[in-house]
Amino acid sequence: MPRIAVLQMTSGIDPWSNFETIRDAAYEAKKGGAEVLFTPEMSLLLDRDRKRAAEHIVEQHASRYVKMLSNLAEECNLWIALGSMAVALPEGRWANRSMLFPHSGEQPVCYDKMHMFDVNLSDGENWRESNAYRPGDKPVAKDILLLRMTDAGEEEEDFKLGLTVCYDIRFPALFDALGREGCDVISIPAAFTVPTGTAHWHVLQRARAIEASAFVVAAAQVGEHEDGRRTYGHSLVVDPWGDVLLDMGGEEPGLGFADIDLVRIAEVRAQVPSLANRREIAN
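All figures in this text were calculated on a predicted structure; none of them were measured in a lab.

### Digging into the packing of aromatic side chains
Both the distance between ring centres and the angle between the ring planes are used here to describe each pair of aromatic rings.
Line of reasoning, step 1. With the rule as written, the count across this model stands at six aromatic pairs.
Line of reasoning, step 2. The interplanar angle of 70° and the centroid separation of 5.1 Å between the aromatic rings of Phe 117 and Tyr 167 together place this pair among those described as edge-to-face. Of this pair, Phe 117 sits in the loop between strand 5 (109-112) and strand 6 (118-120) while Tyr 167 sits in the loop between strand 9 (153-163) and helix 4 (172-180), and the two are 50 residues apart along the sequence.
Line of reasoning, step 3. Note on Tyr 167: relative accessible area 16%, which makes it buried.
Line of reasoning, step 4. Ring geometry for Phe 192 and Trp 201: centres 4.8 Å apart, planes at 65°, overall edge-to-face.
Line of reasoning, step 5. Residue classification places Phe 192 among the buried residues on the basis of a relative accessible area of 7%.
Line of reasoning, step 6. Through pairs of rings, three or more aromatic residues link up here, namely Trp 16, Phe 19 and Tyr 65.
Line of reasoning, step 7. Between the NZ or CZ atom of Arg 208 and the centre of the ring of Phe 175, over which it lies, the distance is 5.8 Å.

Next up, the structure:
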């Protein structure tokens, strides 16, 4: 039964300080028996001042943090699911990119957030993610292979992880695609605003888990940030039946743990085989 760690962060405008938080969490996660560490959206830099943020945003191959995270995953023998970081693209725009770092130190598996957060909230908050970011164009899933040493020798276990980012949660077609891909766990890292989080966070996370008959892991940003924004928190782990296994609250950053019972996935899919019963709906 895989054990995961979920990092709830209050990321700021200094990437190095944010990396140190992730590094410390990786060591703590491994000490706590976790095999995968999940971090929130924009873990390494959360700054809505795009001119200031641009000083730290480079192409993926040029980022020292990508290399350091790869080394960290290998050193800790821990998969690191970096919720996302901003990377520069050749044409001048950015991508909100989720990266899954294998424990072997190999290059990360990458997914670019597909749905841009362009909204006008009733409290006066306005966001135009598409002004700076280019959306991704395809879902991404990856098999995570876990190797453990037991008294009986080497034990192997694996599960398929689907990658999404924050606002993606409002678009069921993406989760339908990941469900049909056979994902056992879906990551939904986030930096949810407080108004949208209060209204929709828990119900959307539970709905996506139920629809995909999969575990949902939602590492979140929380609290007051250096750039002036406030995020909702409540990092969650939800099982395929929709039961909340972990809720880290909306006040403080920290590290939480949950055990992912892969047998539970088969049980739920046998009881309510919605993935098998799904039919195509013509437009």
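Picking up after the structure, the text goes on.
### Concerning the pairing of strand 11 (residues 215-218)
One face of the sheet, then the other: side chains in a regular strand alternate in exactly this way.
Line of reasoning, step 1. Residues Phe 215 and Val 217 of strand 11 are buried on one face, and the alternating residues Val 216 and Ala 218, pointing to the opposite face, are buried as well.
Line of reasoning, step 2. Handedness of the crossover joining strand 10 (residues 185-187) and strand 11 through helix 5 (residues 194-212) is recorded here as right-handed.
Line of reasoning, step 3. Pairing geometry for strand 11 and strand 14 (residues 236-238), over three bridges, is antiparallel. Paired with Val 216 across the bridge in strand 14 is Val 238.

### Focus on unusual backbone geometry
Line of reasoning, step 1. Positive phi, normally seen in glycine, also occurs at Met 42, with a value near 50°.
Line of reasoning, step 2. Tracing the backbone through its elements, the reader meets Met 42 in the loop between strand 2 (36-38) and helix 2 (50-53).
Line of reasoning, step 3. Given a relative accessible area of 8%, Met 42 falls into the buried group.
Line of reasoning, step 4. Even without being glycine, His 234 reaches a positive phi, approximately 55°.

### Regarding helix 5
At 3.6 residues per turn, the α-helix brings residues three or four places apart onto the same side.
Line of reasoning, step 1. Taking 1.5 Å per residue, 19 residues should reach 27 Å; helix 5 reaches 26 Å between its end C-alpha atoms and fits that length.
Line of reasoning, step 2. Bending of helix 5 peaks at approximately 55° at the position of His 200.
Line of reasoning, step 3. For helix 5, the full list of buried residues reads Thr 196, Gly 197, Trp 201, Leu 204, Gln 205, Arg 208, Ala 209 and Ala 212.

Rules of the game
Residues numbered from 1 in each chain as written. Predicted model: local features only at pLDDT ≥ 70, side-chain atom pairs only at ≥ 80, totals over all residues. Heavy atoms only, no water. Phe/Tyr/Trp six-rings, centres within 6.5 Å; stacked < 30°, edge-to-face > 60°. Helix = DSSP H or I, 4+ residues; strand = E, 2+ residues; numbered from the N terminus. Buried < 20%, exposed > 50% of the residue type's maximum accessible area, 1.4 Å probe, protein only. Lys NZ or Arg CZ within 6 Å of the ring centre and 35° of its normal. Right-handed = clockwise from strand over helix to strand, strands pointing away. Pairing = 2+ DSSP bridges. Expected span 1.5 Å × (residues − 1). Bend = angle between axes of the 7 residues up to and from the residue.

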